[in-house]
Each structure stands twice: as structure tokens, then as C-alpha cells.
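Working through the structure, step by step
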Amino acid sequence: MSADDAADDLNVFLARETVEGADDGPLAGKTLAVKDNISTEGVATTCGSAMLEGYVPPYDATVVERVREAGATIVGKTNMDEFGMGGTTETSAYGPTKNPVDPERVPGGSSGGSAAAVAAGEADLALGSDTGGSVRNPAAFCGVVGIKPTYGLVSRYGLVAYANSLEQIGPLANTVEDAAALLDVIAGPDEHDATTRYDAAEDGPAVHPADETDYAATADGDVDGMTVGVPTELVEGADDAVVKVFEDALAELEAKGVETVEVSLPSVEHAVQAYYVIAMSEASSNLARFDGVRYGIGGGEGNWNESFARSREEGFGDEVKRRVLLGTYALSAGYHDKYYKKAQDARAWVKQDFDEALAEADVLATPTMPVVPPKRGESLDDPLALYLMDANTVPVNLANLPAISVPAGEADGLPVGMQFVGPAFGEEAVIRAGSAVEE
Amino acid sequence: MTTTDEGDDADVGGVDPDEVRHVADLARVDLDDEEAATFAEQFADVLDYFAALDEVPEVADEPDLVNVMRADEVRDGLTQEEALANAPESEAGFFKGPKVS
């Protein structure tokens, strides 16, 4: 079987088109796969949805422009959970992606195609997006490295929005150094995205946290003297086999001079609820643009509301409908205070908890996923079970912090990821800690 | 439980298919009978789970926000042809949509 056939069998790519980058640059000679919710000029971008079948963006996302200028060759658009909604890449309208490590199992999600592309050797690097763990989850399940940058480090211009206040585009790669090198290319200010960090200086031009950084150089494995906090709440809930791998990796870090301390994050018990209320609420608003007029499936005859509703019935899959409806519900009169306002309180509480924990440690460490990759079909019929899988990753998005997932070992022959969480714009610390685990 | 009913049913997250339809109507998504029934069952579980947010204390969160202004300059955007390229229907340089009323 050729490499192309293997990728087809895994259902990694939704479009397999080569876009050559610049001749020279830090990513010259590297191949790169792009998640299908990141706009690529002239190449179909579907978000894994029937709604956007055949949609061809007339412009590049800022990150795509940057990787092309840096010399990377784009090899295709990768499969994903529809509009980023899912944790297994099974909600794609174009069928599930298989995990290259074990094709009976899910690759994680929602950037499952991007992680699988790297794990299967179909691309050196990949771009994903992480709203509640969608880069780190598939990185952990496929045995590769994934970074979720601090909110505001990377431009979201050209990313088809699902939940604006939570999502960041992030790199996936085989090594921490490669992922960090891709982050070096995509991080930076962007006048097209007002949510990228912009620090106005009194005299002189505005500065951005990535201006003076060299993330790739930070992947040196030198963690001597670093303090790693272990939040007990996020270890207790994980499967025993996963915890064993995690604790072994921590012991190896201690042998390299790391001091570990226990920290507590009492708020995380409410993080998953808060995350889904906020994400669904934002989704119900964002996805209103899919009305079958400017793009999307046309709704045919009838008045505006009928046509609109018909277009969306046909174009959206179950998980997307579920989230749009629950989000509409949470924002509707009489329920706004009960759900949405409380979720915002929980979000503030989570941020405060992380701030306190990160005052005691340079980074925090947890298992990325509490379980090993499940078999396909195991979680689809029970949405709540699927949502609970995100317990360790979503608090990081609520707090807008940076995090990395690195392979820490195997449980029952399946990959286990270790997550490090750092302070805002503290990417160097999580990259350094991550690089010490992979050595 | 409807959007105006704040009774006991609302607190335990009970949802029936008609209520799912009401929300679907607000969200402009058609549902068939089977979908409405399945969602009603699943929404009860999910909303029950969300109810745990009641225990969350009020937390003061005052983020540092700074207004960032830029000059209001005319710049190139998409051409009319590019903007219309993905529309299911267009006519004489315009998007063609369904009747509004």
C-alpha cells in the first residue's frame, strides 16, 4: 500500500492539494497539513460540514500566509469534527478519521486529521485549532506534540469561528522543537484580528509578546531548578493506567532537577459545565452566519425564516445542532442568569485558581486526557460522556493560558499525553518542560 | 419548561420535544420528530449537569481593557466577484435571498 493509500484509508485529508511555499525560510523543505477550518485561498475549506461543501475561500488565513512565507509546503486540508465540535473526529460529515496508532480507535478531536497526518508521516507539521483541547486531545491520542498558545498570541483571522473567546490556532509536530518552530512562525500581531495581543508603547511602535522570543531554542530539555505543580483534582479523575504513565514521567523530571509541589484547583469541578455553556452560547451566535445566502446550502423557496431553517436542517450534523440549540437555550430569556452568567463567574474563578497555583510553580502538569483513545462509536451516543473527556484541557482555555501536550509513554500499548500549563504568554516554560519529557 | 416558565420543572432540567422545537424555532433549525425526541432526552441530561453551576460563587473579574484605535483608512477588500463566488444564488451582482416577509 502506498503512503497516499494509507492516508486515504485513515481518512486523514478532506482535500489533498499541494500549495508550494516560498523558496526560502525557517520552514523550507517542511510539509504541513492544515485543519479544514483554517481558510486557504483557492482550496476548499469545509469545516468537516456538509454546510460548506465546495466552499472555496477567496483569501488566506493569516497563519496560512505566514507558513507559506516561511517556506512550508501545504499538502492538504485535514478532517475534523464538524465546526470543531467533538473530541473524536467522528462528527465530520465526511466520515471519521482513524487513529494511525490503532485504526480501530479514534484519533481524538477536533483536530484529529491534523494529528493523524503527523502521526502517519503524511506531513512534518500540522495546524489545528484548540477551543477546549482540540489540539492537545488528538496530540495525546495519536502520540504527537501539540501546543495551545496563550489567547492572543496567534491571529485567528481566517479561522472559521466556533467560540471566539476560547479558541486559538496551534501547531502539531513529532517533536517539541518542531512544534515550537512552527509557533515561532505563526505567533505575532495581526492588524486583521483585534483579539491578538497588542501592547501600545508610549514612544515607539506597539509590541507583541512574541517579538523577542525564540520558542524553538527553548526546547533544550534543561529543567534543572524548575518547579512543577501537580493539581490533584486533575490527576484523581484519570484512569489508573494513565496515572501510572504520568507519575513515571514526573519521577523522571525529578531526576532531572525538577521540584514537584501539590497544588489545588477547586474551581475545576465546574470548568466543564462553564466551558460548554460558554462555547455553545458563542456557537449559537457564530453559526447564525450559515443561512444559505452568502454561502452554505441554499434553502430554496419560501420566506426567509423557512428557507433559513431548511438550509440549516440539511447542512448541520447532530452535534452542531445540539450545541446551537443548547446555546440558544442558555442565552434565552429566563435562563441567561442561570446558565450563561454563572458560567462567566466560573470562568473568572478558574482564572483566579490558576493564577494562585502558578504563583507556587513555574508550570502545572496533568495527564492531557484522563483515558486512552476509545474505539470508534463508543462515545457518540452519549454526548455527556464525550464532554467529560475534556476535564483536563478545558480549564486552560477558560483561563486563556498556554499549554502543551507531549507523549509521556504508553498504557496498554496506546499513547498517553502529558500536559504542561504555563502563565499567560509563558510559552517558553511549557515548551522547556515538554522537551524534558520527550528526551 | 418554556423560556418564560421559571417553575420547578425548569430547575430539574426536564425538557419535552415541544420545548426543543421552540428553541429550534428560535435558532432557525428545522428538526424532524425523531431528532426532537432524541434531543429532548439528551438535553435533560446535559441541562441537569449544567445545573451544578448554581454552586459557583460570584467572582470579581475586572480585566485590564485598553481601547486600541487605528486610522480609519480605505483599504482593498474582496472584489464583488470574490464576495459572490460562494453564494448558492446571485443576480446582477447581488446575493439573492428568500423573501423577507
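Residues numbered from 1 in each chain as written. Chains lettered and ligands numbered in written order. Predicted model: local features only at pLDDT ≥ 70, side-chain atom pairs only at ≥ 80, totals over all residues. Heavy atoms only, no water.

Taking an unreviewed UniProt entry as the reference, chain B is identified by name as Aspartyl/glutamyl-tRNA(Asn/Gln) amidotransferase subunit C belonging to Halobaculum marinum. Chain B has a UniProt comment under Sequence similarities (unreviewed entry) that states "Belongs to the GatC family." Note on chain B: under the UniProt heading Subunit (unreviewed entry), the record states "Heterotrimer of A, B and C subunits." (UniProt positions renumbered as here; feature names shortened; annotations may be inferred.)

The name that an unreviewed UniProt entry assigns to chain A is Glutamyl-tRNA(Gln) amidotransferase subunit A, with the source organism given as Halobaculum marinum. Listed in UniProt under the heading Subunit (unreviewed entry), the comment for chain A reads: "Heterotrimer of A, B and C subunits." Entered under Sequence similarities (unreviewed entry) in the UniProt record, the comment concerning chain A runs "Belongs to the amidase family. GatA subfamily."

The interface is formed by 48 residues belonging to chain B together with 58 residues belonging to chain A. Summing both partners gives a buried area of about 4800 Å² for chain B against chain A, and 65% of it is carried by carbon and sulfur. For the pair chain B and chain A, the interface holds three salt bridges. A salt bridge links Glu191 of chain A to Arg75 of chain B; the nearest nitrogen and oxygen atoms lie 2.8 Å apart. Here chain B and chain A share 13 residue pairs in polar contact (both at pLDDT 80 or more) between them. (Contact = heavy atoms within 4.5 Å. Buried area = accessible area lost by both parts, 1.4 Å probe. Salt bridge = Lys/Arg side-chain N within 4 Å of Asp/Glu carboxyl O. Polar contact = N/O pair within 3.5 Å; in protein donor to acceptor, adjacent residues only side chain to side chain.)

All names here are of chain A. As summarised here, the arrangement of the 11 strands in space is β1-β3-β2-β4-β6-β5-β10-β11-β9-β7-β8, forming an open sheet in which the pairing is mixed. Of all strands in the sheet, those with a lone pairing partner are β1 (13-15) and β8 (259-263), marking the two edges. Direction aside, neighbouring strands of the sheet carry axes that sit 35° apart on average. Judged from the eight bridges that link them, strand β10 (residues 403-411) and strand β11 (residues 414-421) form a sheet pairing that is antiparallel. Its bridge partner lying in β11, Pro407 is registered against Gly417. Together, β7 (227-231), β8, β9 (363-367), β10 and β11 form the strand contacts of helix α7 (residues 240-255), whose direction differs from that of β11 by roughly 55°. (Pairing = 2+ DSSP bridges. Helix = DSSP H or I, 4+ residues; strand = E, 2+ residues; numbered from the N terminus. Axes fitted to C-alpha atoms, helices over the stretch in contact; angles between N-to-C directions.)

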